[in-house]
Amino acid sequence: ARNWMAAGHLLAQERRMEEALVCLRYALADDPDNAEALNLISSTLFNLFRAEEALPFAKRLLSVSEDCTHLSNAALILQHNKNYEEVAGVFKRILATGNADLRMITAAAFTIRSLCDHEAILPLDAHLLAAYETGNYALPEEFPATNVAWCANEKHNLGVAQSYLKKVGFFNLAPPRLVKYKQLQQETKARIRVGYLSDDFHSHAVLHLMFGVFEA
């Protein structure tokens, strides 16, 4: 199994994904409970946008491993497949190990908060607040809109937002060109058309609330 797994890892690094998957399947045929092989094949499938195919491997990984990285990777696949309650259970396992880093705590808090498990969320929020009190806004990698939803401290809201914008490179962008409405009309000689772009707008709650605006 080890040789097949090594071959699969090397092929994946060379972006020869289908060949890598074949090797990893051979590794699992030799050793069905090999946690590293299960982690590699589930992560590889997920990165190929084949999350549904990765799901059984992720679930098997959860049954054989207590490694925090393995559990976190499996949780990501479960979450993508909308198995939210199972995801919360996985994050609770990670937290119970005492080895969860701030990024894992942020991910756990996001999922558990969505399930309204208030008893479980309080200690996670306390961990995040303790980090923010020391000025550590970068390591948790919390999304600004999520932070505003639960944290009433404006200083922390600003710190999280600034850290996020720095991470995505916002401050390196060229400033937008500001054009007055009348000037734009004169330049285009046509009706102004506005476009909306989002990576998750297709299924977002805001989209459903905006339908009337678009239709008007």
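Residues numbered from 1 in each chain as written. Predicted model: local features only at pLDDT ≥ 70, side-chain atom pairs only at ≥ 80, totals over all residues. Heavy atoms only, no water.

J.: Please clarify how the pattern of salt bridges should be interpreted in this entry.
T.: When charged atoms on two side chains of opposite charge get close, those side chains can pair. Within the structure shown, the criterion is met by 10 salt bridges. Between R93 and E66 there is a salt bridge, with its nearest N and O atoms 2.7 Å apart. With R93 in helix α6 (residues 84–97) and E66 in the loop between α4 (51–64) and α5 (68–80), the pair connects residues that are 27 residues apart, well separated along the chain. On the accessibility criterion, R93 (26% relative accessible area) is partly exposed. (Salt bridge = Lys/Arg side-chain N within 4 Å of Asp/Glu carboxyl O. Helix = DSSP H or I, 4+ residues; strand = E, 2+ residues; numbered from the N terminus. Buried < 20%, exposed > 50% of the residue type's maximum accessible area, 1.4 Å probe, protein only.)

J.: Got a minute to help me understand helix α7 (residues 102–114) in this structure?
T.: One full turn of an α-helix is made of 3.6 residues, so residues set three or four places apart face in the same direction. Between its first and last C-alpha, α7 extends 18 Å over 13 residues, near the 18 Å set by a 1.5 Å rise per residue. Within the sequence span of α7, burial applies to M104, I105, T106, A108, A109, T111 and I112. Between a side-chain oxygen at the N-terminus of α7 and the backbone nitrogen of R103 the separation is 3.2 Å; the capping residue is D101. In the stretch just after α7, C116 is the one whose phi turns positive, near 60°. (Expected span 1.5 Å × (residues − 1). Polar contact = N/O pair within 3.5 Å; in protein donor to acceptor, adjacent residues only side chain to side chain.)

J.: Even after reading the chapter, I still don't get the packing of helix α3 (residues 35–47) against α5, so can you show me in this structure?
T.: The description of two packed helices rests on the angle between their axes and on the distance between the axes. Across the interface, α3 lies against α5 with an axial gap of 10 Å and an inter-helix angle of 35°. Crossing hand, α3 versus α5: left-handed. Along its contact with α3, which presents A35, E36, N39, S42, S43 and F46, the element α5 presents H70, N73, L76, I77 and H80. (Axes fitted to C-alpha atoms, helices over the stretch in contact; angles between N-to-C directions. Left-handed = near helix turned anticlockwise from the far one by under 90°. Contact = heavy atoms within 4.5 Å.)

J.: Which parts of the structure should I look at to understand the packing of aromatic side chains?
T.: Scanning all chains against the criterion turns up three aromatic pairs. Measuring from centroid to centroid gives 5.3 Å for Y132 and Y137, while their planes differ by 20°, and the two rings are stacked. For the pair Y132 and Y137, one class covers both residues: buried. (Phe/Tyr/Trp six-rings, centres within 6.5 Å; stacked < 30°, edge-to-face > 60°.)

J.: Even after reading the chapter, I still don't get α3, so can you show me in this structure?
T.: The terminal C-alpha atoms of α3 lie 18 Å apart, and with 13 residues this matches the ideal 18 Å at 1.5 Å per residue to within 8%. Among the 13 residues in α3, 11 count as buried, and that is most of the element. What α3 keeps buried is the set A35, A37, L38, N39, L40, I41, S42, S43, T44, L45 and F46. Packing partners of the buried residues in α3 comprise α1 (2–13), α2 (17–30), α4 and α5.

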